[in-house]
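# What the coordinates show
The chain contents come next:
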Amino acid sequence: MTTRVVTSHQEPHLERQLSNRHIQLIAIGGAIGTGLFMGSGKTISAAGPSVIFVYMIIGFMLFFVMRAMGELLLSNLNYKSFSDFAADLLGPWAGFFTGWTYWFCWVITGIADVIAIAGYSQELWPALPLWIPGLVTIAILLLLNLATVKAFGETEFWFALIKIIAIAALIVVGLFMIFSGFSSDAGPASFSNLWSHGGFFPNEFMGFVAGFQIAVFAFVGIELVGTTAAEAKDPEKNLPKAINSIPIRVLLFYVGALIILMSVIPWTQFQAGHSPFIAMFSLAGLGAAATVVNLVVLTSAMSSANSGIYSTSRMVYGLAQEGDAPGVFGGLSRRKVPQNALFLSCVLLLSGVVLMYAGQDIGKAFDMVTTVSAVCFVFVWSIILASYIAFRRRRPQLHDASKFKMPGGIAMVWVVFAFFGFVLWTLTTQPDTLTALLFTPVWFILLGIAWYILRRRPTHLARYATFQAELARDMEQEA
């Protein structure tokens, strides 16, 4: 198979600079969100020890989404991301809706990260004005992303490594506490804590359901590796490697960490808004635990903001190539990075700095928008699966030739769709997520209006025709 990524014969194209270690760590960074460090207290207090099964089930289901995405991306190496194969297989409307929805998701996540970075920085340096860390973070990440795609990969590699070391340290310290007979005011550290405080399902079925409603947001970004397809070295080898290791990572980093946390400290002691990581390290007598975990969470939020800047810029670049975004965002700098799309992402992230000084009502509204964006990720995952169904129907010969077939095929796609239906139902069980769910259609109505205006424009039709011709030419060369 060819490994060219053509945008046009005359124009420069994205360069394959992301090596295997970059792709592997970007996949880990995408799978381990800030939510594990800060949000898991809320998940544990809602679901109890059954939260272990919650993370396992979500990880299991999303693995098939990733496998479907992998098979599609490798079927034609001219696809820059999943919005490209959605446009090709489902029609131009799908590329438009997927690309802009994914862009919206990451812009909102990025703004939330900028606000979080300012908050964590103030805990470490109380005298520091809120706007300084937000502004400095955006400036640093912009400069790194403007340099080369390799600089982004390198930054993300080290950010992800910090998260891995923090979780590994938690597991090692926790195991030592369990096997050395450690005891605290909450009782002895023992694996029996998992079932001796009301069993595995202490809050019954609805507690288990509440766990899904919170935990699914921790997996946001797992699909990030799909936006690196056009810039990965040897994608046919590196993408499958990264995708196949997702289940092991979920088991080790999510399930392993949660088992240790709830064994050392009974689940009844965890509270929403308090980091379980800080609680456990403090119990172990590590006085600097709060500072260390805050630094880890700070780098985790910076990692997320970095991913947000990268993925939104590539998505807008791809949309511009297809005629779904202004042409000015479809250009590349001499260093082969979409600099205009990068500037757009960073200007939007600056609104996070403004939001920090806004009133409480705006803060509440933003919380709701964050939930809406998380719900939109489920839409993006669903479009990946719908594209897979269309691929199997329209390109059976490519599926037969694929070396990276999705396990379970079409039947498994419907199982995952049913699971997403269950996830959406869980969001109706709490007032805050129900409100967000009811507001989500507003985004799609706005997109629908934009698409209605755009779809008949001659410039859009011409650029989409060029995009289709390039895909067809690439398929002919592979054949």
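Reference entry: report on the structure contained in this document. (Residues numbered from 1 in each chain as written. Predicted model: local features only at pLDDT ≥ 70, side-chain atom pairs only at ≥ 80, totals over all residues. Heavy atoms only, no water.)

### With respect to the overall build of the protein
Selection criterion: The helix count covers DSSP runs of H or I at least four residues long, the strand count covers runs of E at least two residues long, and both are numbered beginning at the N terminus. Throughout, exposure labels follow a simple rule: accessible area from a 1.4 Å probe, protein chains only, divided by the maximum for the residue type, with under 20% read as buried, over 50% as exposed, and the rest as partly exposed. Contact definition: two residues touch when any of their heavy atoms are within 4.5 Å. A 1.4 Å probe and the Shrake-Rupley method give the accessible areas. Residues count as covered only by the protein chains that appear here. Positive: Lys, Arg. Negative: Asp, Glu. His and the chain ends are not part of the count. A single reference atom marks each charge: NZ on Lys, CZ on Arg, CG on Asp, CD on Glu.
Across its full length, the protein carries 20 helices and two strands. Principal axes of the C-alpha set define a box for the protein whose edges measure 70 × 50 × 40 Å. Relative to its 479 residues, the protein shows a buried fraction of 58%. Considering only contacts in the protein between residues 6 or more positions apart, those separated by 24 or more positions represent 83%. Element-wise, carbon and sulfur atoms account for 68% of the exposed surface of the protein, whose accessible area totals about 18,500 Å². When the 28 basic and 25 acidic side-chain charges of the protein are each reduced to a single mean position, those positions are 6 Å apart.

### Notes on a nonpolar patch on the surface
Operational definition: Patch construction takes residues with relative accessible area above 30% that form no salt bridge. Like charges are linked within 9 Å, and nonpolar side chains (Val, Leu, Ile, Met, Phe, Trp, Tyr) are linked within 5 Å. One side-chain nitrogen of Lys or Arg within 4 Å of one carboxyl oxygen of Asp or Glu is enough to make a salt bridge.
A grouping of Phe-439, Val-442, Ile-445, Leu-446, Ile-449, Tyr-452 and Ile-453 is seen on the molecular surface, where their side chains present a nonpolar patch of about 740 Å² in accessible area. Residue position: Leu-446 is located in helix α19 (residues 431-454).

### Observations concerning unusual backbone geometry
A negative phi angle characterises most non-glycine residues, just as the trans form characterises most peptide bonds. In this structure, Glu-204 is a non-glycine residue whose phi angle is positive, near 55°. Inspection of the secondary structure puts Glu-204 in helix α9 (residues 204-215). With relative accessibility at 60%, the residue Glu-204 sits in the exposed group.

### A short note on the pattern of salt bridges
Evaluated as defined, the whole model comprises one salt bridge. Note that Asp-88 and Arg-395 form a salt bridge whose closest N and O atoms lie 3.2 Å from each other. Of this pair, Asp-88 sits in helix α5 (residues 82-90) while Arg-395 sits in the loop between α16 (360-394) and α17 (396-401), and the two are 307 residues apart along the sequence. A relative accessible area of 6% places Asp-88 in the buried class.

### Some details on the state of the cysteines
Worth spelling out the cut-off: In what follows, a disulfide is any cysteine sulfur pair within 2.5 Å.
One pass over the full model with this rule turns up zero disulfides. Free of any disulfide, Cys-346 has its nearest cysteine sulfur in Cys-105, 18 Å distant. When its relative accessible area of 5% is taken as the criterion, Cys-346 is described as buried. Cys-376 carries a free sulfur, and the closest cysteine sulfur to it, the one in Cys-105, is 4.8 Å from it. Given a relative accessible area of 1%, Cys-376 falls into the buried group.

### Quick look at the packing of helix α3 (residues 40-47) against α9
Rules: Lines fitted to C-alpha atoms define the axes, with helix axes restricted to the stretch in contact, and inter-axis angles between N-to-C directions lie between 0 and 180 degrees. Note on angle classes: values under 35 degrees are labelled roughly parallel, values over 145 roughly antiparallel, values of 65 to 115 roughly perpendicular, and the remainder oblique. We call a crossing left-handed when the near helix sits turned anticlockwise from the far one by less than a right angle, and right-handed when that turn is clockwise. In this classification, the charged set is Asp, Glu, Lys and Arg, the nonpolar set is Ala, Val, Leu, Ile, Met, Phe, Trp, Tyr, Cys and Pro, and all remaining amino acids, among them Gly, are polar.
The geometry of α3 relative to α9 is characterised by a closest axis approach of 7 Å and an angle of 165° between their N-to-C directions. Classified by the angle between their axes, α3 and α9 sit roughly antiparallel to one another. The hand of the α3/α9 crossing is left-handed. Across the interface between the two elements, Lys-42, Thr-43, Ala-46 and Ala-47 of α3 pack against Gly-207, Phe-208, Ala-210, Gly-211, Ile-214 and Ala-215 of α9. Grouping the constituent residues of the contact of α3 with α9 by class yields six nonpolar, three polar and one charged.

### A look at the side chain of Ser-387
As a reminder of what qualifies: Under this definition, polar contacts are N or O atom pairs within 3.5 Å; protein pairs additionally need one hydrogen-donor-capable and one acceptor-capable atom, and for neighbouring residues in sequence, both atoms have to be side-chain atoms.
Within the secondary structure layout, Ser-387 lies in helix α16. The buried category is assigned to Ser-387, whose relative accessible area is 0%. A distance of 2.8 Å separates a polar atom in the side chain of Ser-387 from the backbone oxygen of Ile-383. Excluding anything up to four places from it in sequence, Ser-387 contacts Leu-72, Phe-85, Ala-86, Leu-89 and Leu-90.

### Examining helix α18 (residues 409-427)
Put simply, the test is: To estimate the expected span of a helix, subtract one from its residue number and multiply by 1.5 Å. Think of it as the arc spanned by the lines of direction from the helix axis to the C-beta atoms.
For α18, built from 19 residues, the straight-helix expectation of 27 Å at 1.5 Å per residue is met to within 8% by its first-to-last C-alpha distance of 28 Å. Buried within α18 are the following residues: Gly-409, Met-412, Val-413, Val-416, Phe-419, Phe-420, Val-423, Thr-426 and Leu-427. Down the axis of α18, the buried side of the element spans an arc of 125°, and every buried residue falls inside it. Facing away from the buried side of α18 by over 90 degrees, the exposed positions are Ala-411 and Trp-414.

### Some details on the packing of aromatic side chains
Note on aromatic pairs: each is described by the distance of the centres and the angle between the planes. Quick note on the threshold: Two rings belonging to Phe, Tyr or Trp (six-membered ring only in the last case) form a pair when the distance between their centres is within 6.5 Å. Interplanar angles under 30 degrees mark stacking, angles over 60 mark edge-to-face geometry, and anything in between is tilted. Whether a charge lies above a ring is judged from NZ of Lys or CZ of Arg, which has to be within 6 Å of the ring centre and within 35 degrees of the ring normal.
In total, this model carries 32 aromatic pairs according to the counting rule given. Each ring, one from Phe-60 and one from Phe-64, has its centre 5.0 Å from the other, and the planes form 80°; the classification is edge-to-face. On the criterion of helical spacing, the pair formed by Phe-60 and Phe-64 is a turn pair, its members being four residues apart in helix α4 (residues 51-75). Judged by relative accessible area, which is 8%, Phe-64 ranks as buried. Residue placement shows Arg-67 over the ring face of Phe-404; its charged tip is 4.0 Å from the ring centre.

### Describing α5
Since one α-helical turn is 3.6 residues long, residues separated by three or four positions face the same way. Counting buried positions along α5 yields eight of nine residues, so the element is predominantly enclosed. Turning to α5, its buried residues are Phe-82, Ser-83, Asp-84, Phe-85, Ala-86, Ala-87, Asp-88 and Leu-89.

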